[in-house]
Structures are given as structure tokens and as C-alpha cells.
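# Architecture and fold: a report
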Amino acid sequence: MEWSQQPGGPGDIGMKRQHRLLRSADFARVRRQGRSWAHPLMVLWADRNELPVTRFGFVVSRRIGKAVVRNRVKRRLREAARRHLHEVPPGWDLVILARAPIVQARFAEIENALTQLLARARSWMAERMAAA
RNA sequence: CGAGAGGGUCAGGUGAUCGCGGGCGGCAUAUGCCGCCUGAGGAAAGUCCGAACUCCACAGAGCACGAUGCUGGGUAACGCCCAGGCAGGGUGACCUGACGGCAAGUGCAACAGAAAGCAGGGCGCCGGCGGGCCAUCCGGUCCGUCGGUAAGCGUGAAAGGGUGGUGUAAGAGACCACCGGCGGUCCAGGUGACUGGGCCGGCCAGGCAAACCCCAUCGGGAGCAAGACCAAGUAGGAAGGCGAGACCGGCAGCCGCCGGUCGCAGGGCUGCUCGUCCUGGCCUUCGGGUAGGUCGCUAGAGACGGCGGGCAACCGUCGUCCCAGAGAGAUGAUCACCGCCGCCGGUCUCCGGCGGUACAGAAUUCGGCUUAUAGAUCCUCUCGGGGG
RNA sequence: CGGGGCGUAGCGCAGCCCGGUAGCGCACUUGAAUGGGGUUCAAGUGGUCGGAGGUUCAAAUCCUCUCGCCCCGA
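Summarised in this report is the structure supplied together with it. In this text the structure is predicted, and so the values were computed from the model without any measurement. (Residues numbered from 1 in each chain as written. Chains lettered and ligands numbered in written order. Predicted model: local features only at pLDDT ≥ 70, side-chain atom pairs only at ≥ 80, totals over all residues. Heavy atoms only, no water.)

### Observations regarding the pattern of salt bridges
For side chains bearing opposite charge, pairing can occur when the charged atoms are close. Scanning all chains against the criterion turns up 10 salt bridges. One salt bridge connects Asp47 with Arg29, and the closest N-O pair in it is separated by 3.1 Å. Here Asp47, found in strand β2 (residues 42-48), pairs with Arg29, found in helix α1 (residues 24-33); they are 18 residues apart in sequence, far enough to count as distant. Asp93 is paired through a salt bridge with Arg55; the nearest N and O atoms lie 3.0 Å apart. Here Arg55 lies in strand β3 (residues 55-59) and Asp93 lies in strand β4 (residues 92-98), a separation of 38 residues in the sequence. The same class applies to Asp93 and to Arg55, which are both buried. Within this structure, Asp26, Arg29, Asp47, Arg55 and Asp93 form a network of salt bridges that share partners. (Salt bridge = Lys/Arg side-chain N within 4 Å of Asp/Glu carboxyl O. Helix = DSSP H or I, 4+ residues; strand = E, 2+ residues; numbered from the N terminus. Buried < 20%, exposed > 50% of the residue type's maximum accessible area, 1.4 Å probe, protein only.)

### As for helix α3 (residues 107-131)
Structurally, the α-helix is built with 3.6 residues per turn, so residues lying three or four positions apart point the same way. Over its 25 residues, α3 runs 36 Å from end to end, which matches the ideal 36 Å to within 8%, given 1.5 Å per residue. For α3, the full list of buried residues reads Ile110, Glu111, Ala113, Leu114, Leu117, Leu118, Ala121, Trp124 and Met125. (Expected span 1.5 Å × (residues − 1).)

### What to know about a positive patch on the surface
Side chains of Arg17, Arg72, Lys74, Arg75 and Arg78 sit close together on the surface and give a patch of like positive charge. Relative to the helices and strands, Arg17 resides in the segment before α1. Relative accessible area serves as the criterion here: at 59%, Arg17 is assigned to the exposed category. (Patch = residues over 30% accessible without salt bridge, like charges linked within 9 Å, V, L, I, M, F, W, Y side chains within 5 Å. Areas by Shrake-Rupley, 256 points an atom, 1.4 Å probe, with all protein chains shown as cover. Lys, Arg positive; Asp, Glu negative; His and termini not counted. Charge placed at Lys NZ, Arg CZ, Asp CG, Glu CD.)

### Quick look at the sheet that holds β4
With respect to topology, four strands assemble into an open sheet ordered β1-β2-β4-β3, the strand pairing being mixed. Two strands bound the open sheet, and with one partner strand each, they are β1 (35-38) and β3. The mean inter-strand angle of the sheet, taken between neighbouring strand axes irrespective of direction, is 20 degrees. Relative to the sheet, helix α2 (residues 67-83) contacts β2, β3 and β4, its axis offset from that of β3 by approximately 155 degrees. Of the strands in this sheet, β1, β2 and β4 touch α3, which is tilted by about 25 degrees from β2. (Pairing = 2+ DSSP bridges. Axes fitted to C-alpha atoms, helices over the stretch in contact; angles between N-to-C directions. Contact = heavy atoms within 4.5 Å.)

### Digging into the environment of Val88
Examined against the element boundaries, Val88 turns out to sit in the loop between α2 and β4. Look at Val88 and you get buried, because its relative accessible area is 2%. The spatial distance from the C-alpha of Val88 to the C-alpha of Ala119 is 9.0 Å, given a sequence separation of 31 residues.

### So, the nonpolar core
Among the nonpolar cores identified, the biggest contains 30 residues, and Met42 and Leu77 are the most heavily contacted of them. Contributing elements (two or more residues each) for this core: β2, β3, α2, β4 and α3. Among the elements that make up this core, the one with the highest residue count is α3 (eight residues). If we ignore the near neighbours within four places in the chain, the residues touching Met42 are Trp37, Leu77, Ile96, Leu97, Arg99, Ile102, Ile110, Ala113, Leu114 and Leu117. If you look at the next biggest cluster of nonpolar residues, it comprises eight residues, including Leu21, Val30, Val59 and Leu97. (Core = buried A, V, L, I, M, F, W, Y, C linked by side-chain atoms within 4.5 Å.)

What follows is the structure, encoded as C-alpha cells:
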């Protein structure tokens, strides 16, 4: 199943600031009220946002590494999320927390891990939306 | 050719697909879309110094405190840079140096050693006296005791000049010559640190100031979460403690309000005293609100090139150029090929496969320092070997 | 952006200010008391003082640089 976020093809969509989670209060809300799924490389939280778009937030703590390493991890996570943005129904906030082994992972492994987590989250989202 | 010294530059490249921040223009204007331009470093790092800028009350004097410490220059400034002096290291090119003062004061030195800061006497050497033994005598030797001595032994990181001589009972800068070191003075060179030399003195006045300290110079405090504006919003709320008001004038003509003088209290972003300024109730504790936006925010002690001055750091002048500005924080992701390095295999001047390709990410902005760093490349110089 | 603290034996800490011997508790080893264990007693082993350089005769201690960890304020 696919949900088109923008007019245009699903594979080359952008990921501008409207798809990003930027405020500290939003992060706190998702991690407190939402549900989580874990993977050795990352942890995913999800919560409804009552908006017509999906928003992603990324958490890379200082435990992961130096500034260069943290920035690289964040960019690769953002790229992976951008490629799979169309697989998520609109109206959800998603927070991804990086775990330490992600530093050594290849991009294909990161993308695979994200795909697994999104697949597990999608069924729960469908239940919640049907219930609503 | 080998080994080395000093300095500079670069920080993999090309292509494809898909993206992100900022600026401008257009269409639209709830939000967006399209086009063009632009977008990390030599250290952006550590935050160790110095400044700009902003606010505090335009910020003064003394003390305290802190920093710096050979000389001259450069600079907006510096704890930085350049040149020089001195000391140490290296065959050399060169490198290194917190390099003012311990003949101002107060302190410190374990263990060893007889003795460690003012001298000191264990063994030894020498002399006097007493006694024992040997000897015909001259005397010799041993023990004790009282002195002299700083040559020798030995301890130590360090034992208070060195060598030679005179001298003496033995010795000693006690005296002499030379050398080394110190102080004073004069001359010459140098802006100066300092260097060279002459004369005189006195023979020694030890080490540690990254020990307290003294001297000289410098330093008001805080920091872009500085600070300014807009919007939204709460409670000029509660408790406790301390307290000092007086007079004059005006309005009012009850409560009271305004202005001034004197006094008092509190505060003034590290402490104390003074000066000065601000407030008129103040202080402490508890409680309440704020996590929106805009500016500051990138044209500057700016970059590059030419010319001129200077040994140099650097400065002057002319021309050209505009070079990131985010805010959960852009500057990227994936793939292919070519460079470079290593390993393995082959029909080993080549081909194929695999792996690696550094340190590291602007956050107010500059000038430095320090630390990290795969490699590539250029210039100058030194030493050794060989050849012409 | 600014400020503070810590690093010493396997673990938790003294010693640093004012420089000369690295010490305490638990743990470990051996021995004794017990039929055995625990407990107790006695003896013992064990430390590049985070790293590098410097000052000094001598550095855990003083100075400079650096690494790691933790905390606080705006």
C-alpha cells in the first residue's frame, strides 16, 4: 500500500521541513504517548499528529560518537526515511533513535532495518485508524 | 646515491540518479511550485590567550587578587610573530630555552656522612704533657690526654675555587704567579640586551623563586542563551525578618499627592576602603508566568594580484573581487569508472580479484596558540660516499 | 558560552595544600583454632599514582600540554 504525499512520483519526493519533527515538545509527546518498536540498529516510536502529512524526527545522542559521526548517521537516517516516506499513511509522527552499532552499518542494512520497523508499525497504525 | 635540516602548497578526481539550507526572480498567496546562483576547514576541534561588539552605572583612586617576565621591533591587542643577545645540544644545515631578582628578607634539603648553611674534626697528619716497653746514647714505638690542621681517606646531588710554588711542627689564599669566577671603575662598539679590553679590590660571598616573596608592566565585570523589538500571558501573590524620618514650598484643605534640603537604609555582577551613582522601603524564603517570531547575522583589523619601503615580522598604495549563515541545527545519499597504497593469483615491462584511501563538520566575528592528521608535491640548505 | 570536580592495588578511598617512607578497609594466598564450613587471629602477595614533557639532587605531590569520566549556571 502506498500513500502519495505530494503530487508527482512517489520515488523522488522530497523531504522538506514540513515532513520534519522540529519541536522539543513534539518529541516528548511521541515518546511518551506513542508506541515503540526496536531493532539492533534503531528504535522507532509512532503517534498520531492530526495533520495531513507524516513527520519524522531523529535522535542521535552523544553516546553514538563525535560530531562528524553523529551528523553522518543523521543524514543516512534521513535519506532512508525519505525513500520510504510513501510507505507510511499520512497523519503520523515518527521518532527514530539511533543505537550504537549503526555507526558500522552499511546503508543497505540501515534501509532494511527501517523497512522492517515500518512494516511492523503499519499494521498497528491500520488498527488505530480503523478504530478511529 | 644515501642520511638529514628548514620552509611552502594541496587535502583525490569525473559522471549518473535522487535530495537539503540560503539568496534573487516569476507564478500563486491556507500552504507551496518552477528557474538561476550559492553552500565547511587547515585545523571549522580543544576553548588556552588577545581583541571587536553588546549590556551593566561611559567605569575613578588605593589595597588585595590574577597574568606576563633577556633586548629591540611588528600589531587594534596578545601569553602571538620577526630580528638580535646569552645559555645548552648537534660534525653540520639547524634546533631548544617560564631567560628579572636568592652579596632585600623569611624558608627548604630525606637517606648517607664526623660535619649540610655556618661551618665542621671520625680516620689521618703534627706538636706539648703523662705513662708502659725497647735501647749505652741519639732516639723509636704503643696507650691516654690537651691542642693545631683542612693537604689525604670516605659519605653525598652538593663538603665553599683550580694548578704550581713560597711557607710551616704539620698545614692552610697565610703569601705569590697564572687561570677561572665575582664586585667596582674606565675606555671602545651597539638604540639595547650584551660583547671586547685596561686598572683596582678581595680571595669566594653555595643551590632552590614551576618555595613564600621582591621588582617592573598589564588587567572594571559579564558574555550573542550578550542585547534590542514585537506578540501571547501570569498573581505589582504569600510568609518571615529589619527599618528613621525631619523640615520647607505647592495642590488638596479628611486620607493623601508632587518638588526640594538634610539625614538614614539598601544596592551597584569576585573581596576591602574611599569616591561616585541609583533606588525610596529593603532583605530572605515560598509560589506564579515564559520553550513563539523578527533583528543582532555576516563587507571584514576581508581575499587575491601588482608596485614601493623594511634583514624580517609587517606596513603603505593602486587595481580587481564579494566568499556559508543554520536554529532538533543545510552543505548529502547511492552507484560506476579512473588515480594512489597494500595483499593474493596468473601465459609476472602487464592483467584480474579483494581490501584500504587520514584527522575531522561552521554556530557572533576576527588575530594567535595548542592538539589530531592517510598521503601527494615544490623550494633552499647540511653531512657522507661515488663519478666527471 | 562560562565555571567546577575526579582519575592512586581487583573494588571503594587516604596521602598532594607545605616535594624525600606510597597507606587504610574489603577482596586474594598461606598457617592456626573446628569433624567440616562460616567467623576470629597471625603472616604475606599485589600499585607504569590516566599519559607526555619540564623544574629540582629528588615529583603521586610543583608547572605546561594532553586523554577519559562526571556535575553545575546562563
